[in-house]
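Single-letter residue listing:
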Amino acid sequence: DQQVKQNSPSLSVQEGRISILNCDYTNSMFDYFLWYKKYPAEGPTFLISISSIKDKNEDGRFTVFLNKSAKHLSLHIVPSQPGDSAVYFCAASGQAGTALIFGKGTTLSVSS
Amino acid sequence: GAVVSQHPSWVICKSGTSVKIECRSLDFQATTMFWYRQFPKQSLMLMATSNEGSKATYEQGVEKDKFLINHASLTLSTLTVTSAHPEDSSFYICSARRGGWETQYFGPGTRLLVL
């Protein structure tokens, strides 16, 4: 049973436009969420996180939105750049010290 | 920043041999380290959680006698794949966290190919 779901395996966006990556979760005990970016044959790189006490966190071009009632979060990248092309993983954890549960990832392709 | 290294970055071994993978936190002390495995086009699957000085906690379905984890210090954890078989071929990634709510930082991964 997948507790963290990224239902879109891929997304294609033009340079300069907004990229919106979605993530749903089923475990209401999750209260810390992160987005990671990953290139092939490399470890994930941390992008941005949000705790359940917030509904939005922004860092430069990256903004994460959390809708707890819908158990849904999204990552917005604006403006999108070709260098953003990678696999994006959504991850969640339940409490301090516990491991992350990852979604299957969404491959983002940004064309120039 | 928080840097995590893994060694080796890739390894090819014969079936039946053992392989040790090291995970080091280079500029911080990691109270907790995690080991993940990733199959092609799949998500990262948590294998085990290790806290310095104590036994690792393995996820369901992960054989602890096959995947030996040692977290001997606050900067080093090792994963030993014992009696490796071709089905153990995968991409192994570690992560480290200072503690509590801190973000996990990942190593670059180790690609294992068992012939």
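This text gives an overview of the structure that appears in the document.

Notes on the overall build of chain A
Next up, step 1: Counting secondary structure elements, chain A contains 0 helices and 11 strands.
Next up, step 2: The order of helices and strands in chain A, counted from the N terminus, is β-β-β-β-β-β-β-β-β-β-β.
Next up, step 3: Taking 2.2 N^0.38 as the reference for a compact globule, 112 residues should give roughly 13 Å; the C-alpha atoms of chain A span a radius of gyration of 13 Å, in line with that estimate.
Next up, step 4: Counting only C-alpha atoms, chain A reaches 40 × 30 × 20 Å along its principal axes.
Next up, step 5: Looking at the 112 residues of chain A, the share that counts as buried comes to 44%.

Observations concerning a nonpolar patch on the surface
Next up, step 1: A surface patch of nonpolar side chains, about 450 Å² in accessible area, is lined by W10, I12, L113 and L115 of chain B.
Next up, step 2: On the secondary structure map, L115 of chain B appears in the segment after β11 (110-114).

Quick look at the side chain of T63 of chain A
Next up, step 1: In this structure, T63 of chain A sits in strand β7 (residues 62-67).
Next up, step 2: If near-sequence neighbours (up to four positions away) are discounted, T63 of chain A is found in contact with I48, K56, N57, E58, S74, L75 and H76 of chain A.

Some words on unusual backbone geometry
Apart from glycine, the bulk of residues carry a negative phi angle, and the bulk of peptide bonds sit in the trans form.
Next up, step 1: Between V78 of chain A and P79 of chain A the backbone carries a cis peptide bond, its omega angle lying at -5°.
Next up, step 2: Note the cis peptide between H7 of chain B and P8 of chain B, where omega equals 0°.
Next up, step 3: Note on placement: P8 of chain B falls in the loop between β1 (4-7) and β2 (10-13).
Next up, step 4: The phi dihedral of K71 of chain A is positive, around 50°, even though this residue is not glycine.
Next up, step 5: Secondary-structure assignment places K71 of chain A in the loop between β7 and β8 (72-77).
Next up, step 6: Its relative accessible area of 26% is what places K71 of chain A among the partly exposed residues.
Next up, step 7: One non-glycine residue with positive phi stands out, namely S83 of chain B, at about 45°.

Re the state of the cysteines
Next up, step 1: Within this structure, the stated rule accounts for 2 disulfides over all chains.
Next up, step 2: Paired through a disulfide, C23 of chain A and C90 of chain A show a sulfur-sulfur distance of 2.0 Å. Looking down the S-S bond of the C23 of chain A and C90 of chain A bridge, the torsion is -70°, so its handedness is left-handed. Pair noted here: C23 of chain A is in strand β3 (residues 19-25) and C90 of chain A is in strand β9 (residues 86-93), with a separation of 67 residues, a long-range link.
Next up, step 3: The buried category is assigned to C90 of chain A, whose relative accessible area is 0%.
Next up, step 4: With its sulfur 1.9 Å from that of its partner, C23 of chain B forms a disulfide with C94 of chain B. Its torsion about the S-S bond being 80°, the disulfide of C23 of chain B and C94 of chain B is classed as right-handed. You can see C23 of chain B sitting in strand β3 (residues 19-25) and its partner C94 of chain B sitting in strand β9 (residues 90-97), a full 71 residues away along the chain. Of the two residues, C23 of chain B and C94 of chain B, both sit in the buried class.

Some points on the interface of chain A and chain B
Next up, step 1: Between chain A and chain B, the contact holds 22 residues from the first and 20 residues from the second.
Next up, step 2: Interface area for chain A against chain B, summed over the two sides, is near 1600 Å², with a carbon-plus-sulfur share of 62%.
Next up, step 3: Broken down residue by residue, the surface that chain A buries against chain B is led by Y32, P44 and F102 of chain A, which jointly contribute 25%.
Next up, step 4: Counting the contacts that link chain A with chain B gives 0 salt bridges.
Next up, step 5: Linking chain A with chain B are 5 residue pairs in polar contact (both at pLDDT 80 or more), by the criterion used here.
Next up, step 6: Of all the secondary-structure elements, those providing two or more residues to the side of chain A that touches chain B are β4 (32-38) and β9 of chain A.
Next up, step 7: Per element, the largest residue contribution to the side of chain A that touches chain B is 4 residues, and it comes from β4 of chain A.
Next up, step 8: Here the side of chain A that touches chain B is built from residues that sort into 11 nonpolar, 7 polar and 4 charged.

A word on the nonpolar core
Next up, step 1: Counting residues in each nonpolar core, the largest one holds 25 residues, and the members touching the most others are W35, F67, L79, Y92 and L112 of chain B.
Next up, step 2: Elements supplying a minimum of two residues to this core: β2, β3, β4 (32-38), β5 (44-51), β7 (67-73), β8 (76-81), β9 and β11 of chain B.
Next up, step 3: Grouped together as the second largest cluster of nonpolar side chains are 23 residues, L21, C23, F33 and L66 of chain A included.

Conventions we followed
Residues numbered from 1 in each chain as written. Chains lettered and ligands numbered in written order. Predicted model: local features only at pLDDT ≥ 70, side-chain atom pairs only at ≥ 80, totals over all residues. Heavy atoms only, no water. Helix = DSSP H or I, 4+ residues; strand = E, 2+ residues; numbered from the N terminus. Rg over C-alpha atoms; globule rule 2.2 N^0.38 Å. Buried < 20%, exposed > 50% of the residue type's maximum accessible area, 1.4 Å probe, protein only. Patch = residues over 30% accessible without salt bridge, like charges linked within 9 Å, V, L, I, M, F, W, Y side chains within 5 Å. Areas by Shrake-Rupley, 256 points an atom, 1.4 Å probe, with all protein chains shown as cover. Salt bridge = Lys/Arg side-chain N within 4 Å of Asp/Glu carboxyl O. Contact = heavy atoms within 4.5 Å. Disulfide = S-S within 2.5 Å. Buried area = accessible area lost by both parts, 1.4 Å probe. Polar contact = N/O pair within 3.5 Å; in protein donor to acceptor, adjacent residues only side chain to side chain. Nonpolar A, V, L, I, M, F, W, Y, C, P; charged D, E, K, R; others polar. Core = buried A, V, L, I, M, F, W, Y, C linked by side-chain atoms within 4.5 Å.

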